[in-house]
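Each chain, letter by letter, is given below.
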Amino acid sequence: MADECFGHPRLAAIYDELDPYRSDLDAYVRLAGEFGARRALDIGCGTGVFALLLADRGIEAVGVDPARASIDVAPRQAGQRAGALDPR
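The structure displayed is predicted, hence computed values, not measured ones.

Draft legend 1. Region of the structure containing the overall build of the protein. Within the protein, the secondary structure is distributed over four helices and two strands. Taken from N to C terminus, the helices and strands of the protein fall in the order α-α-β-α-β-α. Looking at the protein alone, contacts between residues at least 24 apart form 48% of all its contacts between residues at least 6 apart. Carbon together with sulfur atoms contributes 54% to the accessible area of the protein, which is approximately 6,100 Å² in total.

Draft legend 2. Looking closely at the pattern of salt bridges. Going through the model one piece at a time under the given rule, you end up with two salt bridges. The closest approach of N and O atoms between Arg22 and Asp24, which form a salt bridge, is 2.9 Å. Judged by relative accessible area, Asp24 falls into the partly exposed class, the value being 43%. We note a salt bridge from Arg68 to Asp72, for which the minimum N-O separation is 2.8 Å. Residue Arg68 and its partner Asp72 are located together in helix α4 (residues 68-77), separated by four residues, close to a single helical turn. Looking at Arg68, the relative accessible area reads 43%, which means it is partly exposed. Its relative accessible area of 33% is what places Asp72 among the partly exposed residues.

Draft legend 3. Expanded view of the confidence of the model for the protein. Averaged over every residue, the pLDDT of the protein is 82; the share at 70 or more is 82%. Counted against residues more than four places away or in other chains, residues 82-88, with its pLDDT under 50, gives 14 contacts.

Analysis parameters
Every chain's residues receive numbers from 1 upward, in the order its sequence appears when written. With the structure being a predicted model, the display of local features is reserved for residues of pLDDT at least 70 and the display and counting of side-chain atom pairs for 80 or more, all residues being used for whole-chain, interface and lining totals. Just so you know, side-chain values use all the structure's heavy atoms and leave hydrogens and water out. The secondary structure listing takes helices from DSSP runs of H or I that are at least 4 residues long and strands from runs of E that are at least 2 residues long, numbered from the N terminus. Only heavy atoms matter for contacts: two residues are in contact if any of them lie within 4.5 Å across the pair. The Shrake-Rupley method, run with a 1.4 Å probe sphere, supplies the accessible areas, and residue values consider only the shown protein chains as cover. Each reported salt bridge corresponds to a side-chain nitrogen of Lys or Arg within 4 Å of a carboxyl oxygen of Asp or Glu. Throughout this description, buried means an accessible area under 20% of the type-specific maximum (1.4 Å probe, protein chains only), exposed means over 50%, and partly exposed covers the range between. Note: pLDDT gives the predictor's confidence per residue, expressed from 0 to 100.

If you want it as structure tokens, here you go:
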């Protein structure tokens, strides 16, 4: 279950602007490369930042999150890239 605040569309729309420097994800992106990952599942993906970083590197990434408002933001952030995230 998502924290209720993360399900609010107004917060989801600006969430990544509140913490734009996600260097904390660099180690995970490196690990995916070192292991030769071709596919990844990002559980609790929020607005999809990590899944999109992986997709940018040719890794098929699927993001899932219980906060629908956050998932709805992901495709817009990706410039409407088809298939980067599955908003189910």
